[in-house]
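# Report on the structure
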Amino acid sequence: MATIQWFPGHMAKARNQVQEKLKQVDFVLEIVDARTPEASRNPMMNEIIGAKPRIMVLNKQDLADPEKTKQWVTYYQGLGYEAIAIDAQHAKRLNQIPTLGKRLMAAKITKQKSRGIRNPAIRAMCIGIPNVGKSTILNRLIKKNVAVTGNRPGVTKNQQWLKADETLQLLDTPGILWPKFDDDLIGKKLALTGAIADSVYSEDVVGMYGLQFFREHYQEAFRRAYGLNAQDLALSDGDLMIHLSQKNGFADNYNRMAERIIFDARQGKFGRFTLEVPGDDANDADAE
Ligand SMILES: Nc1nc2c(ncn2[C@@H]2O[C@H](COP(=O)(O)OP(=O)(O)O)[C@@H](O)[C@H]2O)c(=O)[nH]1
Ligand SMILES: [Mg+2]
(Lines give C-alpha, C1' and ligand atoms only; values in the text may rest on other atoms or scores of the structure.)
(Ligands and ions follow the chains in the order given, each with its own letter.)
Protein backbone atom coordinates (compact mmCIF):
# COMPACT_ATOMS: atom_id res chain seq x y z
CA MET A 1 0.00 0.00 0.00
CA ALA A 2 1.26 3.44 -0.83
CA THR A 3 2.43 4.89 2.44
CA ILE A 4 -0.05 7.34 3.82
CA GLN A 5 1.45 10.25 5.63
CA TRP A 6 0.62 10.75 9.23
CA PHE A 7 1.34 14.40 9.79
CA PRO A 8 2.86 15.00 13.21
CA GLY A 9 1.72 18.64 13.12
CA HIS A 10 -1.90 17.77 12.58
CA MET A 11 -1.71 15.12 15.23
CA ALA A 12 -0.25 17.50 17.78
CA LYS A 13 -3.00 20.02 17.12
CA ALA A 14 -5.80 17.45 17.40
CA ARG A 15 -4.23 16.10 20.52
CA ASN A 16 -4.00 19.51 22.18
CA GLN A 17 -7.63 20.24 21.38
CA VAL A 18 -8.76 16.96 22.85
CA GLN A 19 -6.61 17.42 25.95
CA GLU A 20 -8.08 20.88 26.53
CA LYS A 21 -11.61 19.43 26.45
CA LEU A 22 -10.62 16.47 28.60
CA LYS A 23 -9.95 18.80 31.51
CA GLN A 24 -13.66 19.52 31.67
CA VAL A 25 -14.99 15.99 31.79
CA ASP A 26 -15.14 13.27 34.43
CA PHE A 27 -14.87 10.38 32.05
CA VAL A 28 -14.53 9.45 28.41
CA LEU A 29 -16.59 7.47 25.95
CA GLU A 30 -13.95 6.02 23.66
CA ILE A 31 -15.75 5.00 20.50
CA VAL A 32 -14.26 2.29 18.28
CA ASP A 33 -15.49 0.20 15.37
CA ALA A 34 -16.36 -3.27 16.69
CA ARG A 35 -15.07 -4.80 13.45
CA THR A 36 -11.59 -3.54 14.12
CA PRO A 37 -11.38 -2.19 17.67
CA GLU A 38 -7.63 -1.75 17.90
CA ALA A 39 -6.93 -0.46 14.40
CA SER A 40 -9.69 2.09 14.87
CA ARG A 41 -8.03 3.60 17.95
CA ASN A 42 -5.50 6.32 17.82
CA PRO A 43 -2.24 4.75 19.04
CA MET A 44 -1.73 7.55 21.54
CA MET A 45 -5.23 7.27 22.95
CA ASN A 46 -4.14 5.84 26.28
CA GLU A 47 -1.51 8.47 26.75
CA ILE A 48 -3.98 11.21 25.83
CA ILE A 49 -6.81 9.98 28.04
CA GLY A 50 -4.42 9.19 30.87
CA ALA A 51 -6.05 8.22 34.15
CA LYS A 52 -9.55 9.45 33.25
CA PRO A 53 -12.11 6.72 33.68
CA ARG A 54 -13.35 5.40 30.39
CA ILE A 55 -16.08 3.42 28.76
CA MET A 56 -14.96 1.53 25.68
CA VAL A 57 -17.86 1.69 23.26
CA LEU A 58 -17.64 -0.93 20.52
CA ASN A 59 -19.99 0.58 17.99
CA LYS A 60 -21.36 -0.97 14.78
CA GLN A 61 -21.77 -4.29 16.52
CA ASP A 62 -24.49 -5.04 13.96
CA LEU A 63 -21.71 -5.42 11.37
CA ALA A 64 -19.25 -7.30 13.60
CA ASP A 65 -18.82 -10.98 14.45
CA PRO A 66 -20.82 -11.44 17.71
CA GLU A 67 -18.40 -14.01 19.17
CA LYS A 68 -15.39 -11.79 18.61
CA THR A 69 -17.24 -8.77 19.95
CA LYS A 70 -17.74 -10.68 23.21
CA GLN A 71 -14.01 -11.39 23.33
CA TRP A 72 -13.25 -7.72 22.90
CA VAL A 73 -15.68 -6.62 25.60
CA THR A 74 -14.11 -9.11 28.02
CA TYR A 75 -10.65 -7.99 26.99
CA TYR A 76 -11.34 -4.30 27.66
CA GLN A 77 -13.04 -5.10 30.94
CA GLY A 78 -9.93 -7.04 31.88
CA LEU A 79 -7.92 -3.86 31.34
CA GLY A 80 -10.12 -2.13 33.89
CA TYR A 81 -12.44 -0.21 31.59
CA GLU A 82 -16.17 -0.36 31.38
CA ALA A 83 -17.00 -1.80 27.96
CA ILE A 84 -20.16 -2.12 25.93
CA ALA A 85 -20.99 -3.23 22.41
CA ILE A 86 -23.71 -1.22 20.74
CA ASP A 87 -25.31 -0.36 17.46
CA ALA A 88 -25.80 3.39 17.42
CA GLN A 89 -28.81 3.09 15.20
CA HIS A 90 -30.74 1.07 17.77
CA ALA A 91 -31.51 2.57 21.13
CA LYS A 92 -31.76 -0.52 23.29
CA ARG A 93 -28.19 -1.11 24.38
CA LEU A 94 -27.15 2.45 23.73
CA ASN A 95 -29.39 3.48 26.61
CA GLN A 96 -27.17 1.52 29.00
CA ILE A 97 -24.38 4.04 28.51
CA PRO A 98 -25.75 6.54 31.07
CA THR A 99 -26.15 3.67 33.55
CA LEU A 100 -22.55 2.57 33.01
CA GLY A 101 -21.41 6.17 33.39
CA LYS A 102 -23.13 6.48 36.74
CA ARG A 103 -21.58 3.23 37.89
CA LEU A 104 -18.17 4.50 36.83
CA MET A 105 -18.74 7.79 38.65
CA ALA A 106 -20.55 6.41 41.68
CA ALA A 107 -18.05 7.86 44.14
CA LYS A 108 -18.36 11.34 42.70
CA ILE A 109 -22.14 11.19 42.69
CA THR A 110 -22.17 10.08 46.33
CA LYS A 111 -19.82 12.88 47.25
CA GLN A 112 -22.00 15.48 45.55
CA LYS A 113 -25.06 14.14 47.32
CA SER A 114 -23.31 14.22 50.68
CA ARG A 115 -22.60 17.89 50.05
CA GLY A 116 -26.30 18.49 49.64
CA ILE A 117 -26.32 18.70 45.85
CA ARG A 118 -29.73 17.40 44.96
CA ASN A 119 -29.12 16.75 41.25
CA PRO A 120 -25.53 15.58 40.89
CA ALA A 121 -23.98 15.95 37.46
CA ILE A 122 -21.35 13.89 35.73
CA ARG A 123 -19.73 14.99 32.51
CA ALA A 124 -18.32 13.03 29.61
CA MET A 125 -17.12 13.42 26.06
CA CYS A 126 -16.94 11.10 23.06
CA ILE A 127 -13.53 10.52 21.53
CA GLY A 128 -12.59 8.51 18.48
CA ILE A 129 -11.24 8.49 14.96
CA PRO A 130 -13.49 9.70 12.11
CA ASN A 131 -16.39 7.48 11.05
CA VAL A 132 -16.71 5.29 14.11
CA GLY A 133 -20.12 6.79 14.88
CA LYS A 134 -19.38 9.55 17.40
CA SER A 135 -21.98 11.98 16.06
CA THR A 136 -24.64 9.30 15.70
CA ILE A 137 -24.09 8.16 19.29
CA LEU A 138 -24.10 11.69 20.65
CA ASN A 139 -27.32 12.55 18.84
CA ARG A 140 -28.97 9.37 19.98
CA LEU A 141 -27.92 9.81 23.58
CA ILE A 142 -29.19 13.32 23.93
CA LYS A 143 -32.48 12.59 22.17
CA LYS A 144 -34.41 15.78 22.64
CA ASN A 145 -32.85 16.72 25.94
CA VAL A 146 -30.70 19.45 24.44
CA ALA A 147 -29.77 21.89 27.15
CA VAL A 148 -27.19 24.56 27.66
CA THR A 149 -25.97 24.28 31.18
CA GLY A 150 -23.57 27.19 31.16
CA ASN A 151 -19.87 27.31 31.73
CA ARG A 152 -18.06 25.87 34.63
CA PRO A 153 -16.20 28.37 36.78
CA GLY A 154 -12.68 28.72 35.53
CA VAL A 155 -13.54 27.53 32.04
CA THR A 156 -13.12 30.35 29.60
CA LYS A 157 -14.20 28.84 26.32
CA ASN A 158 -17.88 28.56 25.58
CA GLN A 159 -18.73 24.96 25.90
CA GLN A 160 -22.10 23.44 25.26
CA TRP A 161 -23.29 20.64 27.43
CA LEU A 162 -26.04 18.34 26.32
CA LYS A 163 -28.12 16.29 28.70
CA ALA A 164 -28.35 12.55 28.16
CA ASP A 165 -30.48 12.38 31.29
CA GLU A 166 -30.80 14.19 34.63
CA THR A 167 -27.29 13.23 35.67
CA LEU A 168 -25.16 12.66 32.59
CA GLN A 169 -24.05 15.65 30.53
CA LEU A 170 -22.13 15.30 27.29
CA LEU A 171 -19.83 17.73 25.57
CA ASP A 172 -21.53 18.87 22.37
CA THR A 173 -18.55 18.19 20.10
CA PRO A 174 -16.69 14.91 20.03
CA GLY A 175 -12.93 14.71 20.25
CA ILE A 176 -11.53 13.62 16.91
CA LEU A 177 -8.21 11.90 16.63
CA TRP A 178 -6.70 10.34 13.54
CA PRO A 179 -5.97 6.68 13.09
CA LYS A 180 -2.39 5.73 12.52
CA PHE A 181 -2.43 4.29 9.07
CA ASP A 182 1.20 4.36 8.15
CA ASP A 183 1.15 0.76 9.29
CA ASP A 184 0.20 -1.45 6.36
CA LEU A 185 -2.11 -3.83 8.16
CA ILE A 186 -3.92 -1.10 10.08
CA GLY A 187 -4.38 0.83 6.85
CA LYS A 188 -5.87 -2.19 5.13
CA LYS A 189 -8.30 -2.83 7.97
CA LEU A 190 -9.42 0.79 8.02
CA ALA A 191 -9.81 0.83 4.25
CA LEU A 192 -11.82 -2.38 4.15
CA THR A 193 -14.25 -1.10 6.78
CA GLY A 194 -14.58 2.27 5.07
CA ALA A 195 -12.98 4.26 7.88
CA ILE A 196 -10.60 6.02 5.51
CA ALA A 197 -11.38 7.64 2.18
CA ASP A 198 -11.19 5.48 -0.92
CA SER A 199 -8.74 7.93 -2.47
CA VAL A 200 -5.96 7.24 0.00
CA TYR A 201 -5.31 3.57 -0.56
CA SER A 202 -4.77 1.23 -3.49
CA GLU A 203 -7.85 -0.93 -4.00
CA ASP A 204 -5.83 -3.82 -5.41
CA VAL A 205 -3.93 -4.16 -2.14
CA VAL A 206 -7.00 -3.78 0.07
CA GLY A 207 -9.10 -6.09 -2.13
CA MET A 208 -6.38 -8.76 -1.95
CA TYR A 209 -6.27 -8.35 1.83
CA GLY A 210 -10.05 -8.88 1.87
CA LEU A 211 -9.80 -11.98 -0.31
CA GLN A 212 -7.10 -13.46 1.93
CA PHE A 213 -8.89 -12.55 5.12
CA PHE A 214 -12.33 -13.83 4.19
CA ARG A 215 -11.16 -17.06 2.60
CA GLU A 216 -9.18 -17.80 5.73
CA HIS A 217 -11.57 -16.65 8.48
CA TYR A 218 -15.05 -16.73 6.95
CA GLN A 219 -14.52 -19.32 4.25
CA GLU A 220 -18.05 -20.67 4.05
CA ALA A 221 -19.62 -17.23 3.69
CA PHE A 222 -16.99 -16.25 1.12
CA ARG A 223 -17.44 -19.48 -0.81
CA ARG A 224 -21.20 -19.04 -0.95
CA ALA A 225 -21.09 -15.36 -1.84
CA TYR A 226 -19.02 -16.08 -4.95
CA GLY A 227 -20.25 -19.58 -5.76
CA LEU A 228 -16.83 -21.19 -5.36
CA ASN A 229 -16.13 -24.91 -5.37
CA ALA A 230 -13.40 -26.90 -3.62
CA GLN A 231 -11.15 -26.66 -6.64
CA ASP A 232 -11.44 -22.85 -6.72
CA LEU A 233 -10.61 -22.72 -3.03
CA ALA A 234 -7.43 -24.71 -3.65
CA LEU A 235 -6.08 -21.91 -5.85
CA SER A 236 -3.42 -19.53 -4.58
CA ASP A 237 -4.66 -16.07 -3.53
CA GLY A 238 -3.43 -14.56 -6.78
CA ASP A 239 -5.01 -17.24 -8.95
CA LEU A 240 -8.25 -16.98 -7.02
CA MET A 241 -8.34 -13.24 -7.70
CA ILE A 242 -7.84 -13.95 -11.41
CA HIS A 243 -10.53 -16.61 -11.35
CA LEU A 244 -13.01 -14.34 -9.56
CA SER A 245 -12.24 -11.49 -11.91
CA GLN A 246 -12.98 -13.63 -14.95
CA LYS A 247 -16.03 -15.21 -13.37
CA ASN A 248 -17.48 -11.77 -12.64
CA GLY A 249 -16.88 -10.49 -16.16
CA PHE A 250 -13.97 -8.19 -15.34
CA ALA A 251 -11.55 -10.21 -17.52
CA ASP A 252 -8.01 -9.22 -16.56
CA ASN A 253 -9.08 -6.02 -14.85
CA TYR A 254 -8.25 -7.35 -11.39
CA ASN A 255 -8.62 -3.95 -9.81
CA ARG A 256 -12.31 -4.06 -10.54
CA MET A 257 -12.58 -7.39 -8.78
CA ALA A 258 -10.61 -6.00 -5.86
CA GLU A 259 -13.04 -3.07 -5.69
CA ARG A 260 -15.93 -5.48 -5.80
CA ILE A 261 -14.56 -7.45 -2.85
CA ILE A 262 -14.22 -4.25 -0.80
CA PHE A 263 -17.74 -3.22 -1.75
CA ASP A 264 -19.18 -6.64 -0.93
CA ALA A 265 -17.41 -6.78 2.44
CA ARG A 266 -18.86 -3.42 3.44
CA GLN A 267 -22.31 -4.45 2.21
CA GLY A 268 -22.20 -7.51 4.43
CA LYS A 269 -22.12 -9.99 1.56
CA PHE A 270 -19.72 -12.18 3.56
CA GLY A 271 -21.77 -11.76 6.71
CA ARG A 272 -20.78 -10.03 9.91
CA PHE A 273 -17.04 -9.97 10.41
CA THR A 274 -14.31 -8.82 12.75
CA LEU A 275 -10.80 -8.30 11.44
CA GLU A 276 -8.85 -8.80 14.64
CA VAL A 277 -9.09 -10.54 17.99
CA PRO A 278 -7.45 -9.50 21.25
CA GLY A 279 -3.74 -10.14 21.32
CA ASP A 280 -3.20 -11.08 17.68
CA ASP A 281 -1.65 -7.84 16.52
CA ALA A 282 1.39 -5.74 17.03
CA ASN A 283 -0.85 -2.68 16.98
CA ASP A 284 -2.34 -3.54 20.35
CA ALA A 285 -1.76 -0.37 22.33
CA ASP A 286 -2.35 -1.97 25.71
CA ALA A 287 -0.20 -5.03 25.30
CA GLU A 288 3.23 -3.48 25.62
N1 LIG B 1 -24.19 -0.16 10.59
C2 LIG B 1 -23.95 0.84 11.44
N3 LIG B 1 -23.62 2.05 10.96
C4 LIG B 1 -23.37 3.05 11.85
C5 LIG B 1 -23.44 2.85 13.25
N6 LIG B 1 -23.13 4.01 13.85
C7 LIG B 1 -22.87 4.90 12.88
N8 LIG B 1 -23.02 4.33 11.66
C9 LIG B 1 -22.80 4.96 10.35
O10 LIG B 1 -21.41 5.25 10.24
C11 LIG B 1 -21.19 6.45 9.53
C12 LIG B 1 -20.34 7.41 10.37
O13 LIG B 1 -21.07 7.81 11.51
P14 LIG B 1 -20.81 9.22 12.24
O15 LIG B 1 -21.69 9.30 13.42
O16 LIG B 1 -20.88 10.34 11.27
O17 LIG B 1 -19.28 9.02 12.67
P18 LIG B 1 -18.27 10.09 13.30
O19 LIG B 1 -17.40 10.56 12.17
O20 LIG B 1 -17.48 9.31 14.30
O21 LIG B 1 -19.06 11.19 13.92
C22 LIG B 1 -22.58 7.00 9.22
O23 LIG B 1 -22.91 6.60 7.90
C24 LIG B 1 -23.47 6.31 10.24
O25 LIG B 1 -24.80 6.17 9.79
C26 LIG B 1 -23.78 1.52 13.72
O27 LIG B 1 -23.85 1.24 14.92
N28 LIG B 1 -24.02 0.58 12.77
MG1 LIG C 1 -19.04 13.27 13.33
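Rules behind the numbers
- Residues numbered from 1 in each chain as written.
- Chains lettered and ligands numbered in written order.
- Predicted model: local features only at pLDDT ≥ 70, side-chain atom pairs only at ≥ 80, totals over all residues.
- Heavy atoms only, no water.
- UniProt positions renumbered as here; feature names shortened; annotations may be inferred.
- Near = heavy atom within 4 Å.
- Polar contact = N/O pair within 3.5 Å; in protein donor to acceptor, adjacent residues only side chain to side chain.
- Areas by Shrake-Rupley, 256 points an atom, 1.4 Å probe, with all protein chains shown as cover.
- Helix = DSSP H or I, 4+ residues; strand = E, 2+ residues; numbered from the N terminus.
- Nonpolar A, V, L, I, M, F, W, Y, C, P; charged D, E, K, R; others polar.
- Buried < 20%, exposed > 50% of the residue type's maximum accessible area, 1.4 Å probe, protein only.
- Pairing = 2+ DSSP bridges.
- Salt bridge = Lys/Arg side-chain N within 4 Å of Asp/Glu carboxyl O.

Under an unreviewed UniProt entry, the name given to the protein chain is Ribosome biogenesis GTPase A, and the source organism is Lacticaseibacillus baoqingensis. Looking at the Sequence similarities (unreviewed entry) heading of the UniProt record, one finds this comment for the protein chain: "Belongs to the TRAFAC class YlqF/YawG GTPase family. MTG1 subfamily." Among the UniProt annotations of the protein chain, the heading Function (unreviewed entry) holds the following wording: "Required for a late step of 50S ribosomal subunit assembly. Has GTPase activity."

In the vicinity of ligand 1, 15 residues are found, and the nearest of them are A88, N131, K134, S135 and T136. One nitrogen or oxygen atom from the side chain of D87 is found 3.0 Å from an oxygen atom belonging to ligand 1. One of the backbone nitrogen or oxygen atoms of A88 is found 2.8 Å away from an oxygen atom of ligand 1. Contact with the protein chains covers 72% of the free accessible surface of ligand 1, which is 580 Å². In terms of residue count, the dominant contributor to the shell around ligand 1 is helix α7 (residues 134-142) (three residues). Of the residues contributing to the shell around ligand 1, the split by class is five nonpolar, six polar and four charged.

With that settled, consider the pairing of strand β6 (residues 168-171). It is a general feature of regular strands that their side chains alternate between the two faces of the sheet. Of the two faces of β6, the one holding L168 and L170 and the one holding Q169 and L171 are both buried throughout. Sheet topology note: the strand β4 (residues 122-128)/β6 ladder contains three bridges and is parallel. The partner of R123 across the bridge, within β6, is Q169. By the bridge criterion, three bridges tie strand β5 (residues 161-163) to β6 in an arrangement that is antiparallel. Residue pairing in the sheet places L162 in a bridge with L170 of β6. Linking β5 to β6, which pair antiparallel, is a turn of four residues.

Counted by the stated rule, this structure contains 16 salt bridges. Between K163 and E166 there is a salt bridge; the shortest N-O distance is 3.8 Å. Across the pair R224 and E220 runs a salt bridge whose closest N-O atoms are separated by 3.4 Å. Of the two residues, R224 and E220 are both situated in helix α10 (residues 219-226); the distance of four residues between them amounts to about one turn of the helix. Judged by relative accessible area, which is 56%, R224 ranks as exposed. According to the relative accessible area criterion, E220 is partly exposed, its value standing at 39%.

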